[in-house]
Amino acid sequence: MLPEALVLPLLGLAMAITALVLLVHLRFRKSEAARYQSLASRLQEFRRQYNSSLKDTRALLNKLPDVILIFEKQWPKVLFANRQALELFGCSSEQELMDNVFGNPDAWQAAPHSLLDFENMLSRGRDQGLERQEWYFSAGPNQGLWMDCELTLTVFAGVPALIFSGVNIHHRKLQSIADSLRQRALFSVSDGSSLQSIIERVSKLLEAQIEGTHCVISLYDEQTDSLITQGGSEFASAFCLEVPSVSARYGATSIGSAAHTLQSVNCQKLSEDLQWQGYADVMETLGVASSWSEPVLSEAGSLQAVITLFSEAQKRPDNDVVAHFSFAVSLLGLAIEREQWRVELEASSENERFVREISVAIVNVPSDEFSSGLTGVLHGIKEKYGLGSIEVWRAESEQEEIVPVSGTDLKVDEGSVVGVRGPIALERFNDLFTSRDPKYVTPQDDLYGLLRAHKTSRPVMVLPLHSDASTGYLLGFLVVESQFQYVAKSTIEHLSVIGSVIKTSLINQRLVERLADTADTERRARKKLEGELAVAKSIQMSMVPGNGSFVKELWDWRVEAWLNPASAVGGDLYEVIPLSRGRFLAAVGDVSDKGVPAALFMAKTISLLNFLAHNKDGDLISITAALNQELCRGNDACMFVTLVMVLVDKETGRVEMINAGHTMPMQRYSDQLPHLWNGETIAPLGLYENVELTTEFLQIPEGGSLVLYSDGVTEAFDVAGEEFGEQRLLSLGGRPHNHEECFLTDIRERLVEYTEGVEQSDDITIMILSRLGL
């Protein structure tokens, strides 16, 4: 127990301490209240400044010319879009932008500029902190906009965000795309690209250069006299389905009008233009309002195609459009001419061979079955060139009239034509045909009803056949109808060559018919002819070394040759001519015709070759040029010779060769398989005066040989009608080296065995140049 005297002082002390603590606490509460009041004032000021800054930032971003979009960092929610962004996408607020654009995949372009691709770009920007890419945005129906886009990390409204900025590069991008397409289109013309790929590139180029347009290209088909539309783009493909072709006449859409007039045709309002009458619904479905069609012409001024540019708006082409169009027209014209040249080049060899085969068939038509035999040949011509019909008419000078003798649509009974439409008086024919060139006869012409084979209104082409190209009398004519409208120009050229053979056949047939007036006259004439042919064969065979069977050694070389005509006289030839400086020239040839004409042409060829070989001292180019000129001179029958010539250096084995449309020689070796020479060839001699000449070089090693042969070897037929062919010849050429000396005998025996029971259809010639030493 404390003393009572201490209790009171201690109690006073405790009360004093309590009062002191209360005083300190009150002062702390007052200080904290003042501090809180200060912080609240500062927070309010900060909020005011933040809202003002955010408002200023939005105003500033709205003033920028760039498209600005701010997204939440973690997912593509739009926090802010400036005025340019809202106008680009046609929205009034960020929420509408989210609903209509960034939440709607259909509002975007296809990959690689789809909504999913854009979200992937945002993801890369979030991960890497920076992303830059050119982007193609949809900017309305059938419209787009190229922008240079950049993504960076930022903070917006107090949250982590991604800021997207886009600069309009649409014009520059389209120009760049157009430049690239222009370069690709130019390169594709020279690099051998297909015409279809070039058409697609030209279409893309025009559509890239001229916004809001669609390009359709229509190629001209001469036979049907129509334009075939080509599809590549989505629009062109849809147009092709609705308008696959257009007639090349005025009023048949702007495409047909441009083709007919060979001038530009502009239609500012398709729905009211009479040229597009009947296509209003199609144009409305395709969403186009105007068109501009421009013809594409060749250097000669003939129609090749029509380029049509369809616009979504009603407008006329300005100077820039005209400039773009001019380039596209020039480029497409060049591509079409290159394609035509390629097709003609590929077809020339096949057509030359076909003409040769048809010529042989015409010459071999039996005189006692002339009409029916010639009809079979005409069917082959019709099928080859896709004709509607073809007929041969012959002039009967005694009756002064022209009558049909054979045709694909004429009835032949017992060798004669029955139920014919003719005859036509010579005078009446000459009144219509004042020139010797091929001519179309139309329904308005006098003789159309007698000449047409079918009950149509298509033009009929008549090709007169005269005994001489300039002053000869009329022998007859060919009447040709196309399956469509007109006969192709290339076909007319081939028919002219075939016509020269037919007119020779008409002359021969007339001669045979005159000789057949009486049996006695025919017998005497035949006996005389056989005697003359026998003499002719003897003379002909004497013109080739060894009379058709030749073996000779020239230093370290062995030359063997064999010629076996298919008839009494033929058109095959061979020759071996020793020259100075250790060289010799060897040749094998095949004249286009058969019988006496071929024999005479063959004799002329051999005589000229012997003279020129020495006169030109073995210069193959000079020899060939001079020989071709001489064979072309006065060659009204259009005969020709295929010829392969080789100039051999006996010491080195070096061979210079020129091949004028002949079969490919076979080269044999002692240590490897044989092969057919695959070098360049030139045209047969006697057909064209101006021929580009080229020679090839090869080496014959010791123990090797070169085999020259005519097509009578590879085209020999067995009883089943199958050709001997090149593979069988190569198989024989691959025999071991110890068979070299009997190789020619092997070929002869194999040919005899293969063609047993079949009449020889063509002359056979083989020459083997063997280099000895192994």
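Given the structure is predicted, the values throughout are model-derived calculations rather than measurements. (Residues numbered from 1 in each chain as written. Predicted model: local features only at pLDDT ≥ 70, side-chain atom pairs only at ≥ 80, totals over all residues. Heavy atoms only, no water.)

*Asks:* Could you clarify how one ought to interpret the nonpolar core in this entry?
*Replies:* Generally speaking, nonpolar side chains in soluble globular proteins are found buried as a group. Grouped together as the largest cluster of nonpolar side chains are 55 residues, with contacts concentrated most on Phe584, Leu585, Val646 and Met767. No other element matches helix 16 (residues 595-615), which puts eight residues into this core. Those residues in contact with Val646, other than ones at most four positions away along the chain, are Phe584, Leu585, Ala586, Val655, Glu656, Met657, Leu706, Leu708 and Leu769. (Core = buried A, V, L, I, M, F, W, Y, C linked by side-chain atoms within 4.5 Å. Buried < 20%, exposed > 50% of the residue type's maximum accessible area, 1.4 Å probe, protein only. Helix = DSSP H or I, 4+ residues; strand = E, 2+ residues; numbered from the N terminus. Contact = heavy atoms within 4.5 Å.)

*Asks:* Can you help me understand helix 20 (residues 743-754) in this one?
*Replies:* In an α-helix there are 3.6 residues to a turn, and that puts residues three or four apart on one side. Taking 1.5 Å of rise per residue, twelve residues should cover 16 Å, and helix 20 covers 16 Å from first to last C-alpha, within 8% of that figure. Within the sequence span of helix 20, burial applies to Phe743, Leu744, Asp746, Ile747, Leu751 and Tyr754. Looking straight down helix 20, one finds that the buried residues subtend no more than 160° of arc, so they occupy a single side. Relative to its buried face, helix 20 has exposed residues pointing more than 90 degrees away, namely Glu749, Val752 and Glu753. Structurally, helix 20 contributes buried residues whose contacts are with strand 21 (557-564), strand 26 (666-668), strand 29 (705-709), helix 18 (711-714), helix 19 (725-733) and strand 30 (764-771). (Expected span 1.5 Å × (residues − 1). Arc of directions from axis to C-beta.)

*Asks:* What is the right way to read unusual backbone geometry from this model?
*Replies:* Across the junction of Ala111 and Pro112, the peptide omega takes the value 10°, indicating a cis bond. The residue Pro112 is located in the loop between helix 3 (94-102) and helix 4 (115-128) in this model. Even without a glycine there, the phi angle at Asp225 is positive, about 50°. Summarising the element assignment, Asp225 is placed in the loop between strand 6 (213-221) and strand 7 (226-230). Of note, the phi angle at Trp555 is positive, near 60°, even though the residue is not glycine. Note on placement: Trp555 falls in the loop between strand 20 (549-554) and strand 21.

*Asks:* It is not clear to me how the pattern of salt bridges should be interpreted in this structure. Could you clarify?
*Replies:* Any two side chains of opposite charge can pair, given that their charged atoms come close. Inspection of every chain in the model, using the stated rule, returns 13 salt bridges. Between Asp617 and Arg583 there is a salt bridge whose closest N-O contact spans 2.9 Å. Of the two residues, Asp617 is situated in the loop between helix 16 and helix 17 (620-632) and Arg583 in strand 23 (residues 583-591); the sequence distance between them amounts to 34 residues. Owing to a relative accessible area of 10%, Arg583 belongs among the buried residues under this scheme. (Salt bridge = Lys/Arg side-chain N within 4 Å of Asp/Glu carboxyl O.)

*Asks:* Mind showing me how you'd approach empty space enclosed by the protein here?
*Replies:* One simple way to see leftover space: roll a probe sized like a water molecule over the atoms. According to the stated counting rule, one finds one cavity of 30 Å³ or more in the structure shown. Considering only enclosed or pocket space, the largest cavity measures out at about 60 Å³ in volume. If you trace the largest cavity, you find it lined by Gln196, Ile199, Glu200, Ser203, Cys215, Val216, Ile217, Gln230, Gly231, Gly232, Ser233 and Ala236. Elements with a minimum of two residues in the lining of the largest cavity: helix 6 (195-209) and strand 6. At four residues, helix 6 tops the list of elements feeding residues into the lining of the largest cavity. (1 Å grid on protein atoms, 1.4 Å probe; cavity = no way out; pocket = protein on both sides within 12 Å on 5 of 7 lines; lining within 4 Å. Points joined across faces, edges and corners; volume = space filled by probe spheres on them.)

*Asks:* Help me understand the environment of Thr456 in this model?
*Replies:* For Thr456, the location among the structural elements is in the loop between helix 13 (448-451) and strand 18 (460-466). Since its relative accessible area comes to 25%, Thr456 is described here as partly exposed. Note: C-alpha distance between Thr456 and Pro443 (13 residues apart in sequence) is 9.3 Å.

*Asks:* What am I meant to see in the pairing of strand 6 here?
*Replies:* Each regular strand carries side chains that alternate between the two faces of the sheet. Counting buried positions over the nine residues of strand 6 gives seven, a clear majority of the element. Across seven bridges, strand 6 lies against strand 11 (residues 303-311) in antiparallel orientation. Residue pairing across strands places Leu219 opposite Ala305, the latter belonging to strand 11. Relative to strand 7, strand 6 runs antiparallel, the two being bridged by five bridges. Looking across to strand 7, one finds that Ile217 is bridged to Gln230. Turn length for the strand 6-strand 7 hairpin, with the two strands adjacent in sequence and antiparallel, is four residues, and the turn residue Asp225 shows positive phi of about 50°. (Pairing = 2+ DSSP bridges.)

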